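Letter by letter, the chains look like this.
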2 protein chains.
Amino acid sequence: MTEQTIAQVGEFPLIDSLVAPLSMGPQVQLGPGDDGAVVTIDGSMVVSVDLLIENSHFRRDWSSAHDVGRKAIAVNVADIEAMGAQPLTVVLGFSTPASLPVRWAREFMAGMAQEAQLAGVSIVGGDTTNGEIISISVTVMGQTAGLAPVRRDGAQVGDEVAYVGRLGYAAAGLDLLMHGIGWLQPGEGAHQRGFDGSTADAARRFQHDVSRYRETIESQRHPQPPYGQGRVAARAGAHAMIDVSDGLIADLGHIAQNSGVRVNLRSEAFIIAEPVRAAAERIDTDPMTWMLTGGEDHALVATFAPGTVPEGWTVIGSVDAAAGPDAAGSAPMGHPCIMVDGQQWQGAGGWTHFSS
Amino acid sequence: MTEQTIAQVGEFPLIDSLVAPLSMGPQVQLGPGDDGAVVTIDGSMVVSVDLLIENSHFRRDWSSAHDVGRKAIAVNVADIEAMGAQPLTVVLGFSTPASLPVRWAREFMAGMAQEAQLAGVSIVGGDTTNGEIISISVTVMGQTAGLAPVRRDGAQVGDEVAYVGRLGYAAAGLDLLMHGIGWLQPGEGAHQRGFDGSTADAARRFQHDVSRYRETIESQRHPQPPYGQGRVAARAGAHAMIDVSDGLIADLGHIAQNSGVRVNLRSEAFIIAEPVRAAAERIDTDPMTWMLTGGEDHALVATFAPGTVPEGWTVIGSVDAAAGPDAAGSAPMGHPCIMVDGQQWQGAGGWTHFSS
């Protein structure tokens, strides 16, 4: 049986069938179907856009459509959270070859709808069009609702640095997969792998791996940002915040540079989560490398006045005055000013050096 | 001299150089450079997204980058106007091959910035990424500022139907070009053509054509929506409104169907603009076909209670009760209910029939 493609169904019936199951939040005055959607915004609007391009950000033979849909929402909502705002609505641009199986589009939308529900956002509109590859554009809008947006440039000397959410999960999951441990994706368009190459009692050991490494490997397929914690940080008066998309060091570097400060991290303050520790033990590596440099988990990291860090956040360091190359107190140009255990961070490969 | 490509410049310097010249309106609290932009919204937010995909919506050898940029803003702002709202801000998703000449990206942004200024919107953020073809996503956000949004489904029996903006310009321009009259694009990535194939005194006659047909041919390159008139219609209490992207008949059909009414157009009520009349005379055709069926000019068409049509709008018909197949007063399913001079519209090719 050949699969039904978008060319066979037609664009308008496809849109109707994709949009019909979506539920709208109470802020949505008018959803899809008119020239624009109408949404109640209480206070200032916060907006962010992200593109997901086939073969650049995902491959159809590596990721399930459902995971791509979940990721498309998650990474973008995390940007709104990182401003301390409440995410509300999403509009979607979806360009696809006409040869795309309708099932892919449906599963993609199901993934988006599932993640949208977790994140508390409504998908209120979109544009579907034809193109040679799949291009996905997700714009998320939120509201500050009276609180000041939390920017990257507000960190102050004396602040405590804290994070909430997952650190190192996605990097650990990727490392497991690269060591042949675990599975990428059960079902359609997927690779199902046993343990270290599927020999003798692979099935039983596979079950063991599934439960032990599920969380890290699933984090590699789509992130699980700490929804709602952006608002928690804003209410606590966070001075600066960012979501960890490229790695903790890299993203804290943006805060340090934009704020003109130096960030001191204490490695012993990090809490190594059990799934990350299990992965590190399995492949005999130091989990701190993943936590300091691994991206794609979209934790939130923020700086707070001493004593104002919200419950559930982990304090991992502090902010002091930037020491420039001339020690004159200005931020050094061109590189982030991050110290780990009292030494300047030397780049992605540097952690092993410090920890030994 | 080979042209500098995006691969040579790098993504971040490119973004910086593209974003730096943008000016921000007074509503913009925080522009590009953080996790999200922050914009003051007074009342309800209206949002719309459009995709422009290379080789589907434009070709680099047919359209200049500047025109693609202008069009990207114009077609999307027109959607916000069509809701009766005030367009405020734009976020841009821009995916491109690394081999793209930097000049293309700069001219595209210059076109966007020019049109954004005309439309009164600020470009507050974006995402730039790598992809095999150029994919452009434009999300426009506006505000209703206390007025009710004007939907497609509000037309009432007895309403007057009126439009503002250009009708038939882009279709006339395309027809001229297809007859070898005029020029597509002076300069880069362009076709420069003389008059009917560039013979003897082509240059002099080309100058004549440039001035006589400039407006229609330029309309074919990028639309010129009637910015601000959406708010004018909303203030006048318009019952239903849409922008003419696919053609007047087709788009009024959406209003008729969604409102459950019938629209009667009077061909003698249309004002045939001089540039459209000139084009029609030149290639000996009926300009009403362009005005009734030509798309891409993004005029606004709306229905108003009798006597409330705003100044500058042209009344072209009225709304009466839909006569279903069973004449029971319900809208016929599956096709628009548009009458022209008392006869049911028979499709795109039908106008010549009625006018003869």
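Residues numbered from 1 in each chain as written. Chains lettered and ligands numbered in written order. Predicted model: local features only at pLDDT ≥ 70, side-chain atom pairs only at ≥ 80, totals over all residues. Heavy atoms only, no water.

Enquirer: Quick rundown of the interface of chain B and chain A? Include the residues and the values.
Expert: Between chain B and chain A, the residue contacts involve 51 residues of the former and 51 residues of the latter. With both chains or domains summed, chain B and chain A bury close to 3900 Å², and 55% of this area falls on carbon and sulfur atoms. On the chain B side of the interface with chain A, the three residues burying the most area are B:Asp35, B:Met45 and B:Leu51, jointly 18% of the side's total. For the pair chain B and chain A, the number of links is 4 salt bridges. With a shortest N-O distance of 3.0 Å, B:Arg152 and A:Asp35 are connected by a salt bridge. Here chain B is connected to chain A by 23 residue pairs in polar contact (both at pLDDT 80 or more). Put simply, the parts of the chain that give the side of chain B that touches chain A at least two residues each are strand 1 (28-30), strand 2 (37-40), strand 3 (44-53), strand 4 (86-96), strand 5 (122-130), strand 6 (135-143) and strand 8 (240-243) of chain B. (Contact = heavy atoms within 4.5 Å. Buried area = accessible area lost by both parts, 1.4 Å probe. Salt bridge = Lys/Arg side-chain N within 4 Å of Asp/Glu carboxyl O. Polar contact = N/O pair within 3.5 Å; in protein donor to acceptor, adjacent residues only side chain to side chain. Helix = DSSP H or I, 4+ residues; strand = E, 2+ residues; numbered from the N terminus.)

Enquirer: Would you mind going over the pattern of salt bridges in detail, with residue names and values included?
Expert: Following the criterion strictly, the structure yields 30 salt bridges over all chains and no others. A:Arg60 is paired through a salt bridge with A:Glu54; the nearest N and O atoms lie 2.8 Å apart. Accessibility expressed as a relative area gives 27% for A:Arg60, which makes it partly exposed. Residue classification places A:Glu54 among the buried positions, given a relative accessible area of 7%. The residue B:Arg262 makes a salt bridge to B:Asp320 at a minimum N-O spacing of 3.1 Å. Of this pair, B:Arg262 sits in strand 9 (residues 261-265) while B:Asp320 sits in strand 11 (residues 314-321); the two residues are 58 residues apart in sequence, bridging distant segments of the chain. If you follow the salt bridges from partner to partner, you end up with A:Asp67, A:Arg214, A:Glu218 and A:Arg221 in one network. (Buried < 20%, exposed > 50% of the residue type's maximum accessible area, 1.4 Å probe, protein only.)

Enquirer: Tell me about the packing of helix 3 (residues 65-81) of chain A against helix 4 (residues 102-119) of chain A, and please be specific about residues and values.
Expert: If you want to describe how two helices pack, look at the angle between their axes and the distance between the axes. Residues and elements named next belong to chain A. Interaxial distance between helix 3 and helix 4 falls to 6 Å at its minimum, and their mutual angle equals 35°. For helix 3 against helix 4, the interelement crossing comes out right-handed. On helix 4, the residues that touch Ala 65, His 66, Val 68, Gly 69, Arg 70, Ala 72, Ile 73, Ala 74 and Val 77 of helix 3 are Trp 104, Glu 107, Phe 108, Ala 110, Gly 111, Met 112, Gln 114, Glu 115, Ala 116, Leu 118 and Ala 119. Broken down by class, the residue content of the contact of helix 3 with helix 4 amounts to 13 nonpolar, 4 polar and 3 charged. (Axes fitted to C-alpha atoms, helices over the stretch in contact; angles between N-to-C directions. Left-handed = near helix turned anticlockwise from the far one by under 90°. Nonpolar A, V, L, I, M, F, W, Y, C, P; charged D, E, K, R; others polar.)

Enquirer: Would you mind going over the sheet that holds strand 10 (residues 300-304) of chain A in detail, with residue names and values included?
Expert: Residues and elements named next belong to chain A. If you walk across this open sheet you meet the 7 strands as 8-10-7-11-9-12-13, and the pairing is mixed. Two strands bound the open sheet, and with one partner strand each, they are strand 8 (240-243) and strand 13 (343-344). Packed on one face of the sheet, helix 3 meets strand 8 and strand 10 and runs near 180° to strand 8. Of the strands in this sheet, strand 7 (160-164), strand 8, strand 9 (261-265), strand 10, strand 11 (314-321) and strand 12 (338-340) touch helix 8 (residues 248-259), which is tilted by about 150° from strand 9. (Pairing = 2+ DSSP bridges.)

Enquirer: Tell me what's going on with the relation of the copies chain B and chain A, and back it up with residues and numbers.
Expert: Overlay of chain B on chain A (RMSD 0.0 Å): rotation 180°, translation along the axis 0.0 Å. As the rotation angle and translation indicate, the two copies are arranged about a two-fold axis. Comparing interface residues between copies, 100% of those in chain B also lie at the interface in chain A; the contact surface is shared. (Least-squares fit on C-alpha atoms with pLDDT ≥ 70 in both.)

Enquirer: Describe the nonpolar core, listing the residues and the values that go with them.
Expert: Grouped together as the largest cluster of nonpolar side chains are 41 residues, with contacts concentrated most on A:Leu248, A:Leu252, A:Leu265, A:Phe270 and A:Leu292. Dropping the residues within four chain positions of it, A:Phe270 is found in contact with A:Tyr163, A:Leu167, A:Leu248, A:Leu265, A:Met288, A:Met291, A:Leu292 and A:Ile316. (Core = buried A, V, L, I, M, F, W, Y, C linked by side-chain atoms within 4.5 Å.)

Enquirer: I'd love a proper account of the domain arrangement of chain A, names of residues and values included.
Expert: Interface extent is often summarised as the accessible area lost during association of the parts. All names here are of chain A. Domain boundaries assigned for chain A yield domain 1 (9-143) and domain 2 (150-356). At the junction of the two partners, domain 1 supplies 25 residues and domain 2 supplies 22 residues. Of the roughly 1900 Å² buried between domain 1 and domain 2 on both sides combined, carbon and sulfur atoms contribute 49%. Summed over the three residues of domain 1 that lose the most area to domain 2, namely Asp 67, Glu 81 and Ala 82, the buried surface amounts to 26% of that side. Our count for the domain 1 to domain 2 interface comes out at 2 salt bridges. (Domains from an automatic or database assignment.)

Enquirer: Describe the UniProt feature "binding site: Mg(2+) 1" (unreviewed entry) in chain A, naming the residues involved and giving the relevant values.
Expert: Following the UniProt record, one finds the feature "binding site: Mg(2+) 1" (unreviewed entry) at A:Asp50 and A:Asp127. By secondary structure assignment, the location of A:Asp50 is in strand 3 (residues 44-53). Judged by its relative accessible area of 18%, A:Asp50 is buried. When sequence neighbours within four positions are dropped, the list of residues in contact with A:Asp50 reads A:Val75, A:Asn76, A:Asp79, A:Ile136, A:Ser137, A:Val138 and B:Asp127. Mapped onto the secondary structure, A:Asp127 falls in strand 5 (residues 122-130). Judged by relative accessible area, which is 17%, A:Asp127 ranks as buried. Those residues in contact with A:Asp127 that lie beyond four places of it in its chain are A:Leu92, A:Gly93, A:Phe94, B:Val49, B:Asp50 and B:Leu51. (UniProt positions renumbered as here; feature names shortened; annotations may be inferred.)

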